[in-house]
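A structural walkthrough
Each chain, written out:
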Amino acid sequence: MTFRKLNILLVVLTLSVGAILVFHNVRQAEYVREMNESWNQASVETMQIALDLAALERSFGYVGFIHHFKNYVLRRDETYYFDATESYWQTVDALRRLMMSELPERDRLDLLVVQRTLNAYFRKLNDLYLNRADLSAVDADRYVTVDDTKAREALVRLRADLIPNLQNQYYQTAASNQDNAFWILLSSTYPLLIILAFAFSISVISRKVLMRAKEIDTIFNSSPDAFIYSNSNGQILRTNKMATKIFGYSEEELREMRIEDLVDSALRDSHRKLREKFVSEKGSRVMGAGNSKITGLTKTGRHVPLNVSISSFGFGRHKGIIAIARDMTTMNKLQLDSTHDALTGVFNRRHIEVRLDDEVKRAKRYGRGLSVFIVDLDNFKGLNDSEGHRAGDRGLAVAAEHLRLQLRKHDHVGRWGGDEFLVICPEISQTDATEIADRIRRRFEDLHFPWHCKLTMSIGIATLQPNSATITTQNLFDEADQALYVAKERGRNRVEHFAELQRPKRIK
Ligand SMILES: Nc1nc2c(ncn2[C@@H]2O[C@H](COP(=O)(O)OP(=O)(O)OP(=O)(O)O)[C@@H](O)[C@H]2O)c(=O)[nH]1
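All of these numbers come straight from a predicted model, not from anything done at the bench.

In this model, Asn379 sits at a positive phi of 50°, which is unusual for a non-glycine residue. Turning to its location among the elements, Asn379 is positioned in the loop between strand E6 (370-377) and helix H12 (380-387). With a relative accessible area of 54%, Asn379 lands in the exposed category. Unusually for a residue other than glycine, Glu427 sits at a positive phi of about 55°. Examined against the element boundaries, Glu427 turns out to sit in the loop between strand E8 (420-426) and helix H14 (430-445).

Put into structure tokens, the structure is as follows:
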């Protein structure tokens, strides 16, 4: 998974959990409010009905209307009449309130029975008060008699039915509130589980990211190449162990530096311009791919040959550069050792053979000329014998250096073996070749050596004429060798060209 995808996933997860929590909080507040409301409502209604029933029984019963009614019938005291009337209206009021409550149908019917009985009593009371004040107590009592059996039974039923029913309702509300509380608890657990899952995935992802970082760190630090990571301004942000080893600075010191500080001051400006051009190009790309050769500058001021590849990459507005540099000191030395003679510093036998083959092919391909010299020191054995091998070694090195100095940049010199050298001069005609070889010979003869015997050289030349397609490398070499042989035969310290040997005047 890419870092970008990971980021998007985390943002989506965070937003989802946030939304769920907000939703959950709103729902929870709603639940609590509903619970409170239903609880309050249930409590108030239950209480009200109980109070109304108690009020009904009190105002209707034997401390209420009936009590005052009976007293009036027996004593005919107006006060009882008014008390009874007041109790009557209180009873009516209690009945009305109960009728308006949510009650089962059978309870409503019982309330109607009570109301009818109350009204019957009240009519008789008023009639007695207004029209029959002259009746004796016994007659009055007989007159006002109302059959209240049904009303009493209705009240008993109401009490027996209504209170347990209300209790039932109360318990149902409590049970439903308990249900709500359960769901609130469950809905609290739900986001909690999401948060736990979220935390778990974050910890898994973090572990993977840390593992990856550790892997990269290990790769980074165990690389045989120097890694230098910098921002687009060239400010070094991170390096590996090899970078500290090559440049001699600590990681902390490198982090204070710019990448240009690691090249020679003369090259800094051009290096900076190259970096700026490189960074301004969009996207990631690799420059050099390990082939761009530059020279690094170490803390001690030593110049190190480097092969560098540079990659740039962009992440949002951030641009970074990674330079991977390989110290070529050892590699260059190995390469040099594989192609050069250790004693004289010119090409070794194997390499000069390859060069000879290449140059012969090239000369044939382009129809150009080529001359080859075989140079052999004269009586070299004598030098070894009289002055020792060290003097002989020095003589060989001086001869090689002499050849190199006397030749053009694109000529090649190699040690063929012992005291013998091979020189390749592309595009040199026969006449020029002889002249050059003779000049080399003469100047070598003029050199002063710190020993008694004189050191000279004999040179055999062969020339590949332009557009001569048939001659092979071996033929050319053999011709030069034959010319050398003749030079030795004719007294040494001489130059002979193979082509001259064929002419009759030379043979004379
Ligand atoms: N000091 C030294 N001597 C070497 C080296 N390689 C070869 N020789 C010696 O070079 C001498 C070459 O001698 P020769 O090729 O026989 O002939 P020369 O003495 O040069 O005589 P001419 O070539 O006939 O003039 C030998 O004695 C080798 O031992 C070397 O690397 N160092």
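So, about a nonpolar patch on the surface. Where nonpolar side chains cluster on the molecular surface, the patch consists of Phe182, Trp183 and Leu186 and spans about 320 Å² of accessible area. With respect to the helices and strands, Trp183 occurs in helix H6 (residues 149-222).

Position of Asp419 among the secondary structure elements: in the loop between strand E7 (412-417) and E8. Within the buried core, Asp419 has no salt-bridge partner, and the shortest N-O distance to an opposite charge, that of Lys488, equals 5.6 Å. Non-local contacts of Asp419, meaning those with residues more than four positions away in its chain, are made with Val375, Asp376, Leu377, Phe380 and Leu396.

On to the packing of helix H11 (residues 349-366) against helix H15 (residues 473-489), then. Helix-helix packing: each pair is described by the crossing angle between the helix axes and the interaxial distance. As a packed pair, H11 and H15 sit with axes 10 Å apart at the nearest point and diverge in direction by 110°. What the angle tells us is that H11 and H15 run roughly perpendicular. For the pair H11 and H15, the sense of crossing is right-handed. Residues Leu356, Asp357 and Val360 of H11 touch H15, and the partners they reach there are Thr473, Leu476 and Phe477. For the contact of H11 with H15, the class distribution of residues is four nonpolar, one polar and one charged.

Conventions adopted
Each chain carries its own residue numbering, running from 1 in the written order of its sequence. Per-residue local features of the predicted model are confined to residues with pLDDT of at least 70, and side-chain atom pairs are confined, for both listing and counting, to 80 or more; whole-chain, interface and lining totals are unaffected and use all residues. Hydrogens are left out, water is left out, and the side-chain values use all remaining heavy atoms of the structure. Each helix is a run of DSSP H or I of at least 4 residues and each strand a run of E of at least 2, with the numbering of both proceeding from the N terminus. Three labels apply to residues, based on accessible area from a 1.4 Å probe with only protein chains included: buried if under 20% of the type maximum, exposed if over 50%, partly exposed otherwise in between. Patch members must show over 30% relative accessible area and no salt bridge, and they are joined within 9 Å when carrying like charges or within 5 Å when they are nonpolar side chains of Val, Leu, Ile, Met, Phe, Trp or Tyr. Methods summary: accessible areas were calculated by the Shrake-Rupley approach with a probe of 1.4 Å, and residue burial reflects only the protein chains presented. Take a side-chain nitrogen of Lys or Arg and a carboxyl oxygen of Asp or Glu: if they are within 4 Å of each other, that pair is a salt bridge. Within this scheme the basic residues Lys and Arg register as positive and the acidic residues Asp and Glu register as negative, but His and the chain ends are omitted. Whether two residues are in contact is decided by their heavy atoms, any of which lying within 4.5 Å being enough. Axes here refer to lines fitted to C-alpha atoms; in helices the fit is confined to the stretch in contact. Angles between the N-to-C directions go from 0 to 180 degrees. Each angle gets one of four labels, with under 35 degrees taken as roughly parallel, over 145 as roughly antiparallel, 65 to 115 as roughly perpendicular, and the rest as oblique. Crossings are sorted by hand: turned counterclockwise from the far helix by less than a right angle, the near helix makes the crossing left-handed, and turned clockwise it makes it right-handed. Note on residue classes: Ala, Val, Leu, Ile, Met, Phe, Trp, Tyr, Cys and Pro are nonpolar, Asp, Glu, Lys and Arg are charged, and everything else, Gly too, is polar.

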